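Take a look at the letters that make up each chain.
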Amino acid sequence: MAGSPQNPRRIPVLYLIFLITVLSGWFYYVSAYPDLQFLEKKWAAMLTMVFGSFIAGSSPEGSAAIAYPVFTLLLKIPPPVARNFAFAIQSIGMTSASLLIIGLRVKVEWNYIRFVTLGGICGLVFGTFYVVPLISPVMAKLFFVSLWLSFGIALWRENSRPKRYVFESIQHFNSKDQLRLAIFGLIGGIISSIFGTGINIFTFCLMTIYYRVSEKVATPSSVIIMTIETLLGFFLHVIILKDFSQESFELWIACVPIVVFFAPLGAFVITKLPREGIARILYIILIVQFIGAMIVIKPSVNQILMCAATLIAGLGLFMYLAKLKREADPK
């Protein structure tokens, strides 16, 4: 007797509703806008977001990881404008990707999402008001691309082992795990307050290296976390701080119809890739991001030494975290 298929085709209704709503609102607005010449001038930003939004949906890197350095270093857009644009555009792209992930019932780790988000909200608010005014964007960027590269090397090393045990959820989840995730979320929220992204990749490090959660699960989970974080960041800068400039707004309008398609496309692609394939994509992104920062920033000797120190310290940290959990691997 024929039964129902085990994997019925799912229609992401929430994403389709969001897509129609966003595009309808966008068309209504631009049709009434008196002068659309600014759209032609934003072609470089639009091209950047084709790649940035796809990467945002298909990896634990938000689109700001691509947009922020390109906008600030190549297009000479002021860092506050680039950061606010990042929050704004991710509110569309990351939301689209998250709704597709939920609609397709992609496997995620909800404990990871819940407790990192709790810490992340506090970190984002604290960072926005007390850290951002003190930070040097160039030094911060060099520090974090170096740290992410150290994570990529550590993850590659772990995946190169003949037997690496991975899980689809955090094993034996307890109150210590809740606190650990919240603390990492707090730090990640502060990072996101600077660049418009960061909590996703920072906590992804913990999930894959320490908890050994599969990249196939950790990646869509990190997308949902960054969605929540970016919506709060957008709200803070538009409603509370009221520093969302006309330039940020025009960049946002230009890129909305791009990210609403390419971010969920990236999220869909990762559902078709094996865990190892997702990891390889991440290695490439982290290496290109680091090399790109070196080429564009042209760091001084002191900055290069800082990068080297961060890389070595990061490798030590992530390899130590990996060793702690590896000792519990079944024999």
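Along every chain, residues carry numbers that run from 1 in the direction the sequence is written. Predicted model: local features are reported for residues with pLDDT of at least 70 only, side-chain atom pairs are reported and counted for 80 or more only, and whole-chain, interface and lining totals are derived from all residues. Each side-chain value is derived from all of the structure's non-hydrogen atoms; neither hydrogens nor water enter the calculation.

## Side note on the overall build of the protein
The secondary structure content of the protein amounts to 13 helices and zero strands. Only the C-alpha atoms count toward the radius of gyration. The rule for a globule is 2.2 Å times the residue count to the power 0.38. Relative to its length of 331 residues, the protein is compact, with a C-alpha radius of gyration of 20 Å against a globular reference of 20 Å. Exposure categories follow from relative accessible area, calculated using a 1.4 Å probe and restricted to protein chains: below 20% of the type maximum is buried, above 50% is exposed, and the middle band is partly exposed. Taking all 331 residues of the protein together, the buried fraction comes to 55%. What makes two residues a contact is simply this: any of their non-hydrogen atoms within 4.5 Å. Residue pairs at least 24 apart in sequence account for 87% of intrachain contacts in the protein once pairs closer than 6 positions are excluded. Computed with the Shrake-Rupley method and a 1.4 Å probe, the accessible areas treat only the protein chains shown as cover for residues. Accessible surface computed for the protein: about 15500 Å², of which carbon and sulfur atoms make up 70%. Of the side-chain charges in the protein, 27 are positive and 15 negative, and the distance between the mean point of each set is 7 Å. Going along the chain from the N terminus, every DSSP run of H or I of four or more residues is numbered as a helix, and every run of E of two or more is numbered as a strand. Asp and Glu are treated as the negative residues and Lys and Arg as the positive ones, with His and the ends of the chain left uncounted. Where a charge sits is defined by one atom per residue type, namely NZ (Lys), CZ (Arg), CG (Asp) or CD (Glu).

## Observations regarding the side chain of S150
As for its placement among the helices and strands, S150 is situated in helix α7 (residues 137-159). Exposure remark for S150: the relative accessible area of 0% places this residue in the buried category. What qualifies as a polar contact is a pair of N or O atoms within 3.5 Å, subject to a donor-acceptor requirement within protein and to the restriction that residues adjacent in sequence count only when both atoms come from side chains. Within the structure, the side chain of S150 is placed 2.5 Å from the backbone oxygen of L147, a separation counted as a polar contact. If we ignore the near neighbours within four places in the chain, the residues touching S150 are L311, G314, L315 and F318.

## Considering the side chain of D177
You can see D177 is positioned in helix α8 (residues 175-195). According to the relative accessible area criterion, D177 is buried, its value standing at 6%. Not counting residues up to four positions away in its chain, the partners in contact with D177 are I170, H172 and Y211.

## Some details on the packing of aromatic side chains
Aromatic contacts are taken between Phe, Tyr and Trp rings whose centres are within 6.5 Å, Trp giving its six-membered ring; a plane angle under 30 degrees counts as stacked, one over 60 as edge-to-face, and the others as tilted. Inspection of every chain in the model, using the stated rule, returns 14 aromatic pairs. Centroid distance F184 to F202: 5.1 Å. Interplanar angle 25°. Geometry classified as stacked. Of this pair, F184 sits in helix α8 while F202 sits in helix α9 (residues 199-210), placing them 18 residues apart in sequence. Each member of the pair F184 and F202 is classed as buried. An angle of 65° between the planes, with centres 5.5 Å apart, marks the rings of F234 and W252 as edge-to-face. Taken together, the residues F234 in helix α10 (residues 215-240) and W252 in helix α11 (residues 246-272) connect sequence positions 18 residues apart. With respect to burial, F234 and W252 carry one shared label: buried.

## Regarding the environment of W110
Inspection of the secondary structure puts W110 in helix α6 (residues 110-131). Separated by 114 residues in sequence, W110 and I224 have C-alpha atoms that sit 9.8 Å apart.

## Observations regarding helix α1 (residues 13-32)
With 20 residues, α1 extends 29 Å from end C-alpha to end C-alpha; this agrees with the ideal 28 Å at 1.5 Å per step. Against the buried residues of α1 lie α5 (79-103) and α11. In a helix, the anticipated span is given by 1.5 Å times the number of residues less one.

## Re unusual backbone geometry
Phi at H172 is positive, roughly 55°, even though this residue is not glycine. Mapped onto the elements of the fold, H172 is located in the loop between α7 and α8.

## What about the pattern of salt bridges?
Any two side chains of opposite charge can pair if their charged atoms end up close together. The term salt bridge refers to a side-chain nitrogen of Lys or Arg lying within 4 Å of a carboxyl oxygen of Asp or Glu. Overall, the coordinates contain three salt bridges when judged by the stated rule. Of the charged contacts in the structure, one is a salt bridge between D243 and R83, with a shortest N-O distance of 3.7 Å. Placement of D243 in the loop between α10 and α11 and of R83 in helix α5 is noted, with a sequence separation of 160 residues between them. For R83, a relative accessible area of 7% puts it in the buried group.

## Focus on helix α3 (residues 43-58)
Residues separated by three or four positions in an α-helix point in the same direction, a consequence of the helix having 3.6 residues per turn. With 16 residues, α3 extends 23 Å between its outermost C-alpha atoms, agreeing within 8% with the 22 Å of an ideal straight helix rising 1.5 Å per residue. We define the bend at each residue as the angle formed by axes fitted to the 7 residues ending at it and the 7 residues starting at it. At M49, α3 shows its largest kink, close to 25°. Buried residues of α3: A44, A45, T48, M49, G52, S53, I55, A56, G57 and S58, and no others.

## Examining a nonpolar patch on the surface
Taken together, I121, V125, F126, F129, Y130, F235, I239, I240 and L241 make up a surface patch of nonpolar side chains, about 790 Å² in accessible area. Among the secondary structure elements, those contributing two or more residues to the nonpolar patch are α6 and α10. In terms of residue count, the dominant contributor to the nonpolar patch is α6 (five residues). Examined against the element boundaries, Y130 turns out to sit in helix α6. You can call Y130 exposed: its relative accessible area is 55%. Patches draw on residues past 30% relative accessible area with no salt bridge. Two like charges within 9 Å are joined, as are two nonpolar side chains (Val, Leu, Ile, Met, Phe, Trp, Tyr) within 5 Å.

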